[in-house]
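Structure at a glance
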Amino acid sequence: MGSTAKAIMTGFICRLCSEQKKVVIHLYTSRAKKLKLLKKIKLLPISVDKYDNLPKTICEQCVSKLEAQYDLLQKIRRSNSVHRSHRMHHSNGRCPAECPLHGEDESTESEMEVQGTSS
Ligand SMILES: [Zn+2]
Ligand SMILES: [Zn+2]
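The rules behind each value
Residues numbered from 1 in each chain as written. Chains lettered and ligands numbered in written order. Predicted model: local features only at pLDDT ≥ 70, side-chain atom pairs only at ≥ 80, totals over all residues. Heavy atoms only, no water. Core = buried A, V, L, I, M, F, W, Y, C linked by side-chain atoms within 4.5 Å. Buried < 20%, exposed > 50% of the residue type's maximum accessible area, 1.4 Å probe, protein only. Helix = DSSP H or I, 4+ residues; strand = E, 2+ residues; numbered from the N terminus. Contact = heavy atoms within 4.5 Å. Donors = N, O, S within 2.8 Å, 3.2 Å for Na, K, Ca; no water. Tetrahedral: all angles 85-135°; square planar, octahedral: opposite > 155°, others 65-115°. UniProt positions renumbered as here; feature names shortened; annotations may be inferred.

**Some details on the nonpolar core**
Judged by nonpolar contacts, the single largest core of 14 residues is most densely connected at Leu 27, Leu 37, Ile 41 and Ile 58. Contributions of two or more residues to this core are made by strand S3 (24–26), helix H3 (37–41), strand S4 (57–59) and helix H4 (60–89). For this core, the element with the most residues is H4, which contributes three residues. Setting aside chain neighbours within four positions, we find Ile 58 in contact with Cys 14, Arg 15, Leu 16, Val 24, Ile 25, Leu 27, Ile 41 and Val 63.

**Regarding the coordination of the zinc ion (ligand 2)**
The protein atoms that coordinate the zinc ion (ligand 2) are His 86 (ND1), His 90 (ND1), Cys 95 (SG) and Cys 99 (SG), at distances of 1.9 to 2.4 Å. Its four donor atoms give the zinc ion (ligand 2) angles of 101 to 117° at the centre, a pattern that matches the tetrahedral case. Coordination of the zinc ion (ligand 2) draws on donor residues from a single chain, spaced H-x3-H-x4-C-x3-C in sequence. Placement of His 86 in helix H4 and of Cys 99 in the segment after H4 is noted, with a sequence separation of 13 residues between them. Each member of the pair, His 86 together with Cys 99, is buried.

**Quick look at the coordination of the zinc ion (ligand 1)**
Any two of four tetrahedral donors ideally make an angle of 109.5 degrees at the metal, while pairs among six octahedral donors ideally make 90 or 180 degrees. Those donors, Cys 14 (SG), Cys 17 (SG), Cys 59 (SG) and Cys 62 (SG), are the protein atoms that reach the zinc ion (ligand 1), and they lie 2.3 Å from it. Seen from the zinc ion (ligand 1), its four donor atoms lie at angles of 104 to 116°, and the figure they make is tetrahedral. Motif for the zinc ion (ligand 1), donor spacing along one chain: C-x2-C-x41-C-x2-C. Here the two residues Cys 59 and Cys 62 agree in accessibility, since each one is buried.

**What about unusual backbone geometry?**
Not every positive phi belongs to a glycine, and Ser 18 is a case in point at roughly 60°. Its place among the elements puts Ser 18 in the loop between strand S1 (12–13) and strand S2 (20–21). Residue classification places Ser 18 among the exposed residues on the basis of a relative accessible area of 55%. Even without a glycine there, the phi angle at Asn 92 is positive, about 60°. Of note, Asn 92 is situated in the segment after H4. Asn 92 sits in the exposed class, given a relative accessible area of 70%.

**Some remarks on the UniProt feature "binding site: Zn(2+)" (unreviewed entry) in the chain**
UniProt's entry tags Cys 14, Cys 17, Cys 59 and Cys 62 with the feature "binding site: Zn(2+)" (unreviewed entry), counted in the numbering of this structure. A maximum C-alpha distance of 8.2 Å among these annotated residues, which run over 49 residues, shows that they cluster at one spot. What makes Cys 14 buried here is its relative accessible area of 1%. Not counting chain neighbours up to four residues away, the residues in contact with Cys 14 comprise Glu 19, Thr 57, Ile 58, Cys 59 and Cys 62. Note that Cys 62 resides in helix H4. Its relative accessible area of 8% is what places Cys 62 among the buried residues. Excluding its chain neighbours within four sequence positions, the residues that come into contact with Cys 62 are Cys 14, Leu 16 and Cys 17.

Structure, rendered in structure tokens:
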């Protein structure tokens, strides 16, 4: 009798996939802080508040997906700023060798032109 609470405690609902999982990370623990989970979750179209009534746990699968997403966004952001500064400051052949886009301006498009068709 009175064992309903026990049944609920077999797992935790993941905030992101809404599935009940045994292994989860609580968003407000030092481990989550170390993984910057709250920061990474801000990139998603959801908002998490410490005092909302929704689950504060995320399963391991979602954590790794979140990390992959975060890495991708960082990469896009970085390459975007590289492209922007390249276009703004590296024009007229003043692209320094340390620029990741160095040398890429020499496009090979002209090779696509068909020359000497005499038939
Ligand atoms: Zn999940
Ligand atoms: Zn450049």
